[in-house]
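Chain by chain, the residues:
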Amino acid sequence: MLIDPKFDRLLASVYQGPLEEEPWEGFLSELSQVMQAVSVTLVLNPPSEQGRGVLRVLGGSTVEGMDQYQKRLFAMDPFLSLKPGEVKSLMELVSVDDWLTSEMYLMCMKPCGLYDTLGVDIHVPGEMNAGLRVARSESAPVFDQHDRDLIHALMPHLERALRLHVRLNIIESERDLYAGAVESLSLATIILDENGRLLNCNKMAKNLVAREPEVKIEDGYLMLGDQATTKKLQGLINRILDHRDQHEPAVVEAMRVPRDGDFADLGVIVRPVPLTEWSEGQSVPTVAIFISDPEYGAEAPVNIIIQLFGFTPTEAQLSLLLADGLSLDEASEALGMSRNTARTHLRSIFSKTGVSRQTLLVRLILKSVAQLAD
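Asker: Let's hear about the overall build of the protein: which residues, and what values?
Answerer: A count of helical and extended segments in the protein gives 14 helices and 12 strands. Here the C-alpha atoms of the protein give a radius of gyration of 30 Å, more than 25% beyond the 21 Å that 2.2 N^0.38 yields for 374 residues. Along the first, second and third principal axes, the C-alpha set of the protein runs to 85 × 55 × 35 Å. Put simply, the protein has 374 residues, and 40% of those count as buried.

Shown next as structure tokens:
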């Protein structure tokens, strides 16, 4: 069966859309050329009274016109009466005279040389309501049945690609959320592939490599401390990779990296990345390495500590200094108060938290969700 090369390129751009750095730019460009359009718009979230929506527009728009459309003119859009899956032009939905004298035409379309628009709305159950608009100038050919058939043919593919777009956005949002939580805990995170080579690392890991001579990346491999320490790390990584290859239960390994001088050792956890049944291919996240540096611990914001425990600002500052390892004398000096005043604040802190010892207070602060607010 022969496939029209133009339609083949269109389909390829539809499925590439969710993966592009500027989503759907390639598809909008291809469709614009095929349909001799001045402007093409993919509606990912229609404007409404609740917000401006999300529109991907290629060509034929002004900043002022788009702004007015998203703020208020959307309520006058003739396509609001369109049923999902129905392909129609503006001239089929409203009389020519009414359209050409409408505020939406005069403000949004006429200044850009747009005249008629072919549109379809796509309802993706439980996921999103989307739409596609293709606009031509007055001198361009009138939309015909061939144009409608092309949009109809694209619809099921666009719906599938939009589902992928939604799923990828959810995954991306969750990943950013969890990555942010790890960052808040001051954990350097390094991800290795199925061959034990560096695949990705977070900002904390990049900072650790930049400032810490005991942590290096050489030829794509992680080096920790001296040769013996790096050999031990590689052994832990190989053990995890072996368990994965033999489909054995996951293991979690731990080690410490000694440092010179008075610096505390680095703590290292090596664990497998959970795999799905279909985790195949190359450059698959396989091993996760978490490194904690006691010299750069997580710091909970004072305002969050105040909200969580009902502390005064001074009590919050004192509790954080104690959680950071300072003695009561050191904390009182840092805050510029006498030891007796510090003890008074500490008694108030004990009363508000229900703990009776400084060690329990430190544990309470360090294990609270406040660390995640940084």
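Asker: Just give me the short version of unusual backbone geometry, but keep the residues and values in it.
Answerer: Despite not being glycine, Gln36 has its phi angle at roughly 50 degrees, a positive value. Within the fold, Gln36 resides in the loop between helix H2 (25-34) and strand E1 (39-45).

Asker: Let's hear about the pattern of salt bridges: which residues, and what values?
Answerer: Tallied over the entire structure, the rule returns 21 salt bridges. Arg211 is paired through a salt bridge with Asp293; the nearest N and O atoms lie 3.0 Å apart. Pair noted here: Arg211 is in helix H8 (residues 203-211) and Asp293 is in the loop between strand E12 (287-292) and helix H10 (302-309), with a separation of 82 residues, a long-range link. You can call Asp293 buried: its relative accessible area is 6%. Here the salt bridges do not stand alone but share partners, grouping Glu127, Glu159, Arg163 and Arg167 into one network.

Asker: Any details on the environment of Val273? Residues and values, ideally.
Answerer: With respect to the helices, strands and loops of the structure, Val273 is situated in the loop between strand E11 (266-272) and E12. Val273 sits 45 residues away from Leu318 along the chain, and the two C-alpha atoms are 39 Å apart.

Asker: Account for the pairing of strand E9 (residues 221-224), with residues named and values stated.
Answerer: The two faces of E9 differ: Leu222 and Leu224 on one face are buried, but Tyr221 and Met223 on the other face are not. As defined by bridge partners, strand E8 (residues 215-218) adjoins E9 across four bridges and the pair is classed as antiparallel. Looking across to E9, one finds that Ile217 is bridged to Leu222.

Asker: I'd love a proper account of the packing of aromatic side chains, names of residues and values included.
Answerer: Evaluation of the coordinates by the stated rule reveals two aromatic pairs. Measuring from ring centre to ring centre gives 5.3 Å for Phe309 and Phe311, while their planes differ by 25 degrees; the resulting arrangement is stacked. The exposure class of Phe309 is buried, given its relative accessible area of 17%. A cation sits over an aromatic face here: Arg133 above Phe79, 4.4 Å from the ring centre.

Asker: Explain the pairing of E1 residue by residue, including any values.
Answerer: A large share of E1 lies buried, amounting to six of its seven residues. Pairing between E1 and strand E5 (residues 128-136): five bridges, direction antiparallel. For Thr41, the partnering residue across the bridge sits in E5 and is Arg133. By the bridge criterion, five bridges tie E1 to strand E2 (residues 54-58) in an arrangement that is antiparallel. Following the sheet pairing, Val40 is matched in E2 by Leu58.

Asker: Before we move on, could you go through the environment of Pro46 and cite the residues and values that matter?
Answerer: By the element assignment, Pro46 lies in the loop between E1 and E2. Every residue in contact with Pro46, bar those within four places of it in the chain, is listed here: Gly53 and Asn129.

Asker: Give a description of the packing of H10 against helix H11 (residues 313-323) that names residues and reports values.
Answerer: Packing of H10 against H11 brings their axes to within 9 Å, and their N-to-C directions diverge by 110 degrees. Relative to H11, H10 is oriented roughly perpendicular. Taking contact as the criterion, the partners of Val302, Ile305 and Ile306 in H10 are, on H11, Pro313, Ala316, Gln317, Ser319 and Leu320.

Asker: Go over a nonpolar patch on the surface, please, and point to the residues and values.
Answerer: On the surface, a nonpolar cluster with roughly 460 Å² of combined accessible area is contributed by Tyr15, Leu19, Leu164, Leu168 and Ile171. You can see Ile171 is positioned in helix H7 (residues 145-184).

Asker: Could you give an account of the sheet that holds strand E10 (residues 253-257), naming the residues involved and the relevant values?
Answerer: Overall, antiparallel pairing links the five strands, which are arranged E7-E6-E12-E11-E10 in an open sheet. Edge positions in the sheet fall to strand E7 (198-201) and E10, since each has one partner strand and no second. Across the sheet, the mean angle separating the axes of adjacent strands is 20 degrees when strand polarity is ignored. Of the strand pairs in this sheet, strand E6 (residues 187-192) and E7 are connected by three bridges, and their pairing is antiparallel. Counterpart to Ile190 in the pairing with E7 is Cys201.

Asker: Lay out the nonpolar core with the relevant residues and their values.
Answerer: Formed by 31 residues in total, the largest nonpolar core has its most connected members in Phe27, Leu31, Leu132, Leu154, Leu158 and Leu162. Looking at this core, the elements that each hand over two or more residues are helix H1 (5-16), H2, E1, strand E4 (116-124), E5 and H7. With eight residues, the top contributor of residues to this core is H7. For Leu132, the residues in contact, after removing those within four places along its chain, are Phe27, Leu31, Val40, Thr41, Leu42, Leu118, Gly119, Val120, Ile151 and Leu158. Of all hydrophobic cores here, the second largest spans 23 residues; its members include Met204, Leu233, Val270 and Val287.

Thresholds, definitions, all that
- Residues numbered from 1 in each chain as written.
- Predicted model: local features only at pLDDT ≥ 70, side-chain atom pairs only at ≥ 80, totals over all residues.
- Heavy atoms only, no water.
- Helix = DSSP H or I, 4+ residues; strand = E, 2+ residues; numbered from the N terminus.
- Rg over C-alpha atoms; globule rule 2.2 N^0.38 Å.
- Buried < 20%, exposed > 50% of the residue type's maximum accessible area, 1.4 Å probe, protein only.
- Salt bridge = Lys/Arg side-chain N within 4 Å of Asp/Glu carboxyl O.
- Pairing = 2+ DSSP bridges.
- Phe/Tyr/Trp six-rings, centres within 6.5 Å; stacked < 30°, edge-to-face > 60°.
- Lys NZ or Arg CZ within 6 Å of the ring centre and 35° of its normal.
- Contact = heavy atoms within 4.5 Å.
- Axes fitted to C-alpha atoms, helices over the stretch in contact; angles between N-to-C directions.
- Parallel < 35°, antiparallel > 145°, perpendicular 65-115°, else oblique.
- Patch = residues over 30% accessible without salt bridge, like charges linked within 9 Å, V, L, I, M, F, W, Y side chains within 5 Å.
- Areas by Shrake-Rupley, 256 points an atom, 1.4 Å probe, with all protein chains shown as cover.
- Core = buried A, V, L, I, M, F, W, Y, C linked by side-chain atoms within 4.5 Å.

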